Amino acid sequence: GIQVEQSPPDLILQEGANSTLRCNFSDSVNNLQWFHQNPWGQLINLFYIPSGTKQNGRLSATTVATERYSLLYISSSQTTDSGVYFCAVEEAGGSYIPTFGRGTSLIVHP
Amino acid sequence: DAGITQSPRHKVTETGTPVTLRCHQTENHRYMYWYRQDPGHGLRLIHYSYGVKDTDKGEVSDGYSVSRSKTEDFLLTLESATSSQTSVYFCAISESGRKNTEAFFGQGTRLTVV
């Protein structure tokens, strides 16, 4: 099956800093999503981004499907950005099954 | 927010007892999934369903069974719970056959097997 690797595994920032999270995948994909798991455990959809670039406030994401990676940018980080960020991909071929990376744990200090 | 409800939200059970977790959706989505989340592993697929009575195994299916008798309900059963099944369980839904197959997750069920 497809392999999904996220980096870095852990990230600690001061409030106001910018960061880039990376997701690499081993095969062609039909779909890629970014999720934020907040400290209460809830999985929140951030982006559905099989290709191209999207922005939502301080967050933006870019997927380069031909090179098999996606990036999540967080600008002017806030303490509420803390949590775990997951990338999930749906392998090309019609499986419709999201496969997750192990996540990036982000802590933002005030 | 996607209409997904998991029940119960928390459960403590004893080793060897059967446990059933329920996922209910109001979105009429075709695909439903059960994942477990453990430290250091991210989310791993247990079983999934692609329609009523159509289910298949995922990466970590041993010790689990599922049933889907209605579009809106997907049940996960631990026939005889073991301590290794202590975990947080998430249900997800997605549509298929369309351009957007975005997945949405329930709030999770924390299961402790003692």
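All of these numbers come straight from a predicted model, not from anything done at the bench.

Structural notes on the overall build of chain A
Logical step 1: The number of helices and strands found in chain A is zero helices and 11 strands.
Logical step 2: Along chain A, from the amino end to the carboxyl end, the secondary structure elements read β-β-β-β-β-β-β-β-β-β-β.
Logical step 3: A compact globule built from 110 residues should have a C-alpha radius of gyration of about 13 Å, and chain A, at 13 Å, falls within 12% of that.
Logical step 4: Oriented by its inertia axes, the alpha-carbon framework of chain A measures out at about 45 × 25 × 20 Å.
Logical step 5: Across the 110 residues that make up chain A, the buried fraction comes to 48%.
Logical step 6: In chain A, once contacts between residues fewer than 6 apart in sequence are set aside, the share between residues at least 24 apart is 56%.
Logical step 7: Summing over all exposed atoms, chain A offers an accessible surface of approximately 5100 Å²; the carbon and sulfur share of this is 48%.
Logical step 8: Mean positive and mean negative side-chain charge positions of chain A (5 and 8 charges, respectively) differ by 3 Å.

Details of the state of the cysteines
All names here are of chain A.
Logical step 1: On inspection of all chains with the given rule, the structure shows two disulfides over all chains.
Logical step 2: Disulfide partner of cysteine 23: cysteine 87, at an S-S distance of 2.0 Å. Residues cysteine 23 and cysteine 87 are joined by a disulfide whose S-S torsion is about -55 degrees; by sign, that bridge is left-handed. Taken together, the residues cysteine 23 in strand 3 (residues 19–25) and cysteine 87 in strand 9 (residues 83–91) connect sequence positions 64 residues apart. Each of the two residues, cysteine 23 as well as cysteine 87, counts as buried.

Observations regarding the interface of chain A and chain B
Logical step 1: Contact with chain A, which involves 17 residues of that partner, is made by 21 residues of chain B.
Logical step 2: Carbon and sulfur atoms supply 56% of the area buried between chain A and chain B, which totals about 1600 Å² over both sides.
Logical step 3: Counting the contacts that link chain A with chain B gives zero salt bridges.
Logical step 4: Mapped by element, the contributors of at least two residues to the side of chain A that touches chain B are strand 4 (29–37), strand 5 (43–48), strand 9 and strand 10 (98–100) of chain A.
Logical step 5: The leading source of residues in the side of chain A that touches chain B is strand 4 of chain A, at four residues.
Logical step 6: Counted by class, the side of chain A that touches chain B contains eight nonpolar, seven polar and two charged residues.

Looking at the sheet that holds strand 8 (residues 73–78) of chain B
All names here are of chain B.
Logical step 1: Taken in spatial order, the four strands make up an open sheet running 1-3-8-7, and their pairing is antiparallel. A single partner strand is all that each edge strand has here, and the edge strands are strand 1 (4–7) and strand 7 (64–70). Along the sheet, successive strands turn relative to each other by an average axial angle of 15 degrees, direction set aside.
Logical step 2: With four bridges connecting them, strand 1 and strand 3 (residues 19–25) associate as antiparallel partners. Within strand 3, the residue paired with isoleucine 4 across the bridge is glutamine 25.

Remarks on the nonpolar core
Logical step 1: Counting 22 residues, the largest nonpolar core has A:Leu32, A:Trp34, A:Phe47, A:Leu72 and A:Val89 as its most contacted members.
Logical step 2: At the level of elements, strand 2 (10–14), strand 3, strand 4, strand 5, strand 7 (59–64), strand 8 (69–74), strand 9 and strand 11 (104–109) of chain A are the ones that each hand at least two residues to this core.
Logical step 3: Here A:Phe47 is in contact with A:Leu32, A:Gln33, A:Trp34, A:Lys54, A:Gln55, A:Asn56, A:Leu59, A:Ser60, A:Ala61 and A:Leu72, once residues within four sequence places are set aside.
Logical step 4: Counting 19 residues, the second largest nonpolar core, distinct from the first, contains B:Ile4, B:Met32, B:Ile46 and B:Phe74.

Concerning unusual backbone geometry
Logical step 1: Cis geometry marks the peptide bond from A:Ser7 to A:Pro8, where omega comes out at -10 degrees.
Logical step 2: By the element assignment, A:Pro8 lies in the loop between strand 1 (4–7) and strand 2.
Logical step 3: Cis geometry is found at the peptide bond from B:Ser7 to B:Pro8, where omega equals -10 degrees.
Logical step 4: Position of B:Pro8 relative to the elements: it lies in the loop between strand 1 and strand 2 (10–13).

A look at the packing of aromatic side chains
Logical step 1: Within this structure, the stated rule accounts for 13 aromatic pairs over all chains.
Logical step 2: Ring centres of A:Phe86 and A:Phe100 lie 6.0 Å apart, and the angle between their planes is 80 degrees; this geometry places the pair in the edge-to-face category. Here A:Phe86, found in strand 9, pairs with A:Phe100, found in strand 10; they are 14 residues apart in sequence, far enough to count as distant. Each member of the pair, A:Phe86 as well as A:Phe100, carries the same accessibility label: buried.
Logical step 3: Members of the aromatic cluster, joined through ring pairs, are A:Phe35, A:Phe86, A:Tyr96, A:Phe100, B:Tyr31, B:Tyr33, B:Tyr35, B:Tyr48, B:Tyr50, B:Phe90 and B:Phe105.
Logical step 4: Sitting over the face of the ring of A:Tyr69, A:Arg22 holds its NZ or CZ atom 4.3 Å from the ring centroid.

Cut-off values and rules
- Residues numbered from 1 in each chain as written.
- Chains lettered and ligands numbered in written order.
- Predicted model: local features only at pLDDT ≥ 70, side-chain atom pairs only at ≥ 80, totals over all residues.
- Heavy atoms only, no water.
- Helix = DSSP H or I, 4+ residues; strand = E, 2+ residues; numbered from the N terminus.
- Rg over C-alpha atoms; globule rule 2.2 N^0.38 Å.
- Buried < 20%, exposed > 50% of the residue type's maximum accessible area, 1.4 Å probe, protein only.
- Contact = heavy atoms within 4.5 Å.
- Areas by Shrake-Rupley, 256 points an atom, 1.4 Å probe, with all protein chains shown as cover.
- Lys, Arg positive; Asp, Glu negative; His and termini not counted.
- Charge placed at Lys NZ, Arg CZ, Asp CG, Glu CD.
- Disulfide = S-S within 2.5 Å.
- Buried area = accessible area lost by both parts, 1.4 Å probe.
- Salt bridge = Lys/Arg side-chain N within 4 Å of Asp/Glu carboxyl O.
- Nonpolar A, V, L, I, M, F, W, Y, C, P; charged D, E, K, R; others polar.
- Pairing = 2+ DSSP bridges.
- Axes fitted to C-alpha atoms, helices over the stretch in contact; angles between N-to-C directions.
- Core = buried A, V, L, I, M, F, W, Y, C linked by side-chain atoms within 4.5 Å.
- Phe/Tyr/Trp six-rings, centres within 6.5 Å; stacked < 30°, edge-to-face > 60°.
- Lys NZ or Arg CZ within 6 Å of the ring centre and 35° of its normal.

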